[in-house]
Amino acid sequence: MNQAAFPKLLSSQIAFDIALTIRDGFDKHYRLFRQSSQQAREYFERGDWKVAQQAARERIGFYDKRVQECVHLLEDEYAPEDLSDEVWRECKLHFIGLLSGHKQPELAETFFNSVCCNILHRSYFHNEFIFVRPVVSTEYIETEEPAPTYRMYYPGTDGLRFTLRRIVTNFQLNARFANLDRDVEQVESRLRQLFGGETLEPNHQIQVLSSLFFRNKGAYIVGKGINGAREYPFVVPILHNRHGQLVLDTVLFEQEQIIILFSFTRAYFQVDMEVPSAYVQFLRTLLPRKPRSEIYTILGLQKQGKTLFYRDYLQHLKHSSDQFDVAPGIRGLVMLVFALPSFPYVFKVIKDFFPPPKETTRALVKEKYLLVKHHDRVGRMADTLEYSNVAFPRARMKEELLDEIRKYAPSLLEEDGDKIVIKHLYIERRMVPLNIWLTNAEQQGDDARLEHGVLEYGNAIKELVAANIFPGDMLYKNFGVTRHKRVVFYDYDEIEYITDCVFRDIPEARTEEEEMSAEPWYHVGKHDVFPEQFGRFLLGNAKIRKYFMQHHADLLTREFWQRRKERIEAGIVEDVFPYPQHIRFSYQGTPAITPAAHVAPTLLETSENE
């Protein structure tokens, strides 16, 4: 910051008190955030899955609650006339001083911005009041705890098997392993194949993050092997077997497997971190093409992820010249979707009105998106970033797009000179709509690709069902295909909990008139679902029908859905694995691993993240 911008004397006691209140508000938030992550370990040790899921959902709301607490405290304490421009400028400078030696300065700066923006209207506060760019460096922040950010092990000295056993036991989980020696031997076998018999260099080591990553029913050891100039990321999932004992389930080492584990389509991890920036830096060596914004988000620090994403977006906007336009694909009845071709995301705006047969409201649609934000997305629902009052340069908006917004969402549009302000929108990762994917596969005569799309579509639905989610509108246009060819659901305005649905068979017609009727002759309740009708809307194409009936015919039966509903109501939390079944140690006939010398990419050669 320019030295001239600093006042000679920070004389406002009000400014210091506000800065201290905001700093203390953030510290309270992060203390509770860490407590939640520590409790996740206890829930895992006990196998208390329902409580763990509830705690993970509640943690997502911690940030907004603490921000509102801080805002109300300041509004009760100070009159608006006390909060002059000079007070806010000094407040920011005092806050910077209060972050000296702080372990989470980047998160505290974002918290400061949230409080400031909640108190001051966007047309009033200036960039000099908030942290437009980070001011306090996160480089080389040292932890004060006994355990550093990561531990280093030396298999060349201690032997690989002993080292792996020590890695596991150092976490001191309060639960018994079924057979740790057997599991360690299997991990060792996989890693020896991965390393491919390379000559050990003097720097040969294994680095492992000091905290486990908890999510759903798994705990994950995250680390990397280093040998010379090569690095080998790996993740070891720890699960409970059916007897409640712990097992090392497999080793993830392929880049695609690790990328999918840390995907934007999954629930946030719970990780106890004193210095989150150090965890982000370590993970970036495993996932070098994943932006910092996504890494913060997957660690449960979604507000920091939003902040960094928006900074990345503004940077991209500054260096690009293409125009925003309506996104390709079938127009939705609820959302108006547009995109910037050079930016791998889409912007979604809720329309002001919805034509039949849609019966919903903007408030209900927002509730559905909030439900997804707090729910376990099991790798099959895209995460969304929600923003208010987003400004776009008018010159970059195609006139056809502006006409569509004026027509369908005028209440959300504000035209302010050379800027277009959209009062509320969602941002999602851009994917290829499944209907376009399937059409292209058929036109190209690529039956394998067509079958893969249908297989993944059914798998996506079944995994959503396991998470107690009924998609509602199951048309292909509401699903997308990621870069890793995974099918993901992204249209949430009609989703319901499986447990709220009533699955029925269509009654037999009693008369010829009933059989020929275009309208149902039987009563249909608000939550009634008739699975046998799905085929009428989904299976008009002969090839698609062939593959669907081959892999997912059970989706057309009431029995499938009812059975899953009953399991959920019985309190059973289903297993949904974020990696292929065939690589699990318990899977018979696990294929051998190709030696690293032939297939293991360096960190700079990894594929795009999902």
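What you are looking at is a predicted structure, and each value in this text was computed from that prediction instead of being measured.

Rules used throughout
- Residues numbered from 1 in each chain as written.
- Predicted model: local features only at pLDDT ≥ 70, side-chain atom pairs only at ≥ 80, totals over all residues.
- Heavy atoms only, no water.
- Helix = DSSP H or I, 4+ residues; strand = E, 2+ residues; numbered from the N terminus.
- Expected span 1.5 Å × (residues − 1).
- Disulfide = S-S within 2.5 Å.
- Buried < 20%, exposed > 50% of the residue type's maximum accessible area, 1.4 Å probe, protein only.
- Patch = residues over 30% accessible without salt bridge, like charges linked within 9 Å, V, L, I, M, F, W, Y side chains within 5 Å.
- Areas by Shrake-Rupley, 256 points an atom, 1.4 Å probe, with all protein chains shown as cover.
- Salt bridge = Lys/Arg side-chain N within 4 Å of Asp/Glu carboxyl O.
- pLDDT = per-residue confidence, 0-100.
- Contact = heavy atoms within 4.5 Å.
- Pairing = 2+ DSSP bridges.

A closer look at helix α16 (residues 447-466)
Phase 1: In this model α16 runs 29 Å from its N-terminal to its C-terminal C-alpha over 20 residues, within 8% of the 28 Å that 1.5 Å per residue would give.
Phase 2: The first or second residue beyond α16 is Asn468, which carries a positive phi of 70°.

Regarding the state of the cysteines
Phase 1: Going through the model one piece at a time under the given rule, you end up with 0 disulfides.
Phase 2: With no disulfide of its own, Cys70 lies 9.5 Å from the sulfur of Cys91, the closest cysteine sulfur.
Phase 3: The exposure class assigned to Cys70 is buried, which follows from its relative accessible area of 4%.
Phase 4: Just so you know, Cys91 is unpaired, no disulfide at all, and the nearest cysteine sulfur is the one on Cys116, 7.8 Å from it.
Phase 5: For Cys91, a relative accessible area of 0% translates into the label buried.

What about a nonpolar patch on the surface?
Phase 1: Taken together, Tyr150, Met152 and Tyr154 make up a surface patch of nonpolar side chains, about 280 Å² in accessible area.
Phase 2: You can see Met152 is positioned in strand β1 (residues 150-153).
Phase 3: You can call Met152 partly exposed: its relative accessible area is 34%.

Regarding the confidence of the model for the chain
Phase 1: Chain-level statistics for the chain give a pLDDT mean of 90 and a share of 93% at 70 or above.
Phase 2: Confidence over residues 1-8 falls short of pLDDT 50; this stretch has 7 contacts with residues more than four positions distant or in other chains.
Phase 3: Note on residues 589-610: pLDDT is under 50 here. Beyond four places in sequence and across chains, it has 60 contacts.

With respect to the pairing of strand β8 (residues 335-339)
Phase 1: Counting buried positions over the 5 residues of β8 gives 4, a clear majority of the element.
Phase 2: The pairing of strand β7 (residues 325-326) with β8 spans 2 bridges and is antiparallel. Each residue of the ladder has a partner; that of Val326, found in β8, is Phe338.
Phase 3: Note: β8 against strand β9 (residues 345-350), 5 bridges, orientation antiparallel. Looking across to β9, one finds that Phe338 is bridged to Phe347.
Phase 4: In this antiparallel pair of consecutive strands, β8 and β9, the connection spans 5 residues.

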